[in-house]
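Coordinates in review
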Amino acid sequence: MSSVQQMVSKWGDAFVEISGFIAVSKERLDKDKVKLLEELRCRIVHWFSLLNAVATISLNDGEVDLEKSFIVYSLKGASPWGACQTSDRLGSLRASSSSSVALEPVGPVDLSTSKLPIIGECTRTEKNALAGKSDKPLVVAGWITEEITRACLDGLLLIPPPILSRCYQEVSNGMLGYNQAFKVSLVPFPFPFAQMLALLLVVFLLILPMMVLRMTQSAALSPILSFFCLLGYWGLNEIAVELENPFGDDDNDLPLKHVHTAFVKGIRDCADDFITADSGGQATRQTADAGPSDELKKVQRELGLLGVPVSRYFSQQSGLEELSKLSKSELIAKFESAEVATRIHRLIGELSEGDTVPLPVPVALPSGGG
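In this numbering scheme, every chain counts its residues from 1 along its sequence in written order. With the structure being a predicted model, the display of local features is reserved for residues of pLDDT at least 70 and the display and counting of side-chain atom pairs for 80 or more, all residues being used for whole-chain, interface and lining totals. No hydrogens and no water enter the side-chain calculation; it runs on all heavy atoms of the structure.

What follows concerns the UniProt feature "transmembrane region" (unreviewed entry) in the protein chain. UniProt positions are given in the numbering used here, feature names are shortened, and annotations may be inferred rather than shown by experiment. Here the UniProt-annotated "transmembrane region" (unreviewed entry) positions come out as residues 193-212 and 219-236. Counting from the N terminus, the helices are the DSSP runs of H or I reaching at least four residues and the strands are the DSSP runs of E reaching at least two. What you have in residues 193-212 is 100% helix and 0% strand, and the ends, taken at the C-alpha atoms, are 27 Å apart. Within residues 219-236, the helical portion is 89% and the strand portion 0%, while the C-alpha atoms at the span's ends are 27 Å from each other.

Printed below as a string of structure tokens:
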């Protein structure tokens, strides 16, 4: 179970990191590249759900049927995901209303079916690429790595390579967990050892009652002791048989379908949260792009008439409320001139009170002024 937990958690970490990098990069790119990043995120969320799905089926010793193995779920966010649902690139998110269903909360899962949820339908290109491959999780992990690398080289992900490499590391750690779990599923318990244990248990079953009867000399106590001793040894053997391969669809096997459904729900919720965050970030950027306020323009104009270098001007995003909190001593330290600080402090006070401020009149500064 620890290997499965490592697999799911590391792939989840990698998805969160990539989504965060995409969200931050979108704030600094033009509209054309932002659209490409949205398409990239669609492919990434689809591929991570597909990666965990094919890994889960492989651990359960099942055959991955790309036509019948999956239930297609769609994202809750209608925009901007709709813009990339018709992309023809490998792994694009094609969410059709006829095959997409709402992602239900994690709960009781019908283990009688082998279908697993994924986000977005598998494209024909994906199906052809995975057909006949013996290690499908490795192929999908390769798609994710290649797409991240291409986005970095194309200038879409504005993240320093040492930080971006953490995504590769987390994907690799998830593959390590998968291979550790797959080793348990693939390598059987040695058959001669199992046969020897079964033979010894049969011998034990035949000899134990006679030995107990000889030791206790009691016709009533002997069958009771024999029963519980045999029950303990046979029970331990059955427990070992169950633990030999914890994967599959038996009642005592690990609930991999529950784990996968929780993983898909988590990355979908994470993707939807990033959509909301992007919308808020765009609103903030639009406010910033509106330029300085009228009050700030008056203050900057006054600084220009007083001969203050542009390097000492206030930030373009500075608001009147922020400027009004500056004390005269702070203004003196900023402009290195008491007279400039006094005039600016008075001007800010007048603007804060809503008074009409006449156009500034140039004044002669002392030789020591900033």
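Picking up after the structure, the text goes on.
Moving on: the confidence of the model for the protein chain. Confidence per residue, as judged by the predictor, is encoded in pLDDT with a range of 0 to 100. On average, residues of the protein chain carry a pLDDT of 77, and 77% of them reach 70 or more. This stretch, residues 283-289, has a pLDDT under 50; its non-local contacts, to residues over four places away or in other chains, come to three contacts. Any two residues having at least one pair of non-hydrogen atoms within 4.5 Å are treated as being in contact. Under a pLDDT of 50 for its full length, residues 355-370 has, in the predicted model, 23 contacts with residues more than four places off or in other chains.

Below, the discussion takes up helix α2 (residues 31-59). Between its first and last C-alpha atoms α2 spans 42 Å; for 29 residues at 1.5 Å apiece the expected length is 42 Å, and the two agree. Exposed residues in this analysis have more than 50% of their type's maximum accessible area, buried residues have under 20%, and partly exposed residues fall in between, with area computed by a 1.4 Å probe over protein chains only. Here α2 lies mainly inside the structure; 24 of its 29 residues are buried. Downstream of α2 by one or two residues, Asp-61 has phi in the positive range, about 60°. Expected span of a helix, by definition, is 1.5 Å for each gap between consecutive residues, and there is one gap fewer than residues.

It is worth spelling out the pattern of salt bridges at this point. Salt bridges are defined as contacts in which a side-chain nitrogen from Lys or Arg sits within 4 Å of a carboxyl oxygen from Asp or Glu. Across all of its chains, the model carries nine salt bridges by this definition. Here Glu-38 makes a salt bridge to Lys-26, at a shortest N to O gap of 3.6 Å. Of this pair, Glu-38 sits in helix α2 while Lys-26 is found in helix α1 (residues 2-26), placing the two residues twelve residues apart along the sequence. Among the residues examined, Glu-38 registers a relative accessible area of 13% and is labelled buried. Judged by relative accessible area, Lys-26 falls into the buried class, the value being 5%. Salt bridges sharing partners connect three or more residues here, namely Arg-43, Glu-146, Glu-147 and Arg-150.

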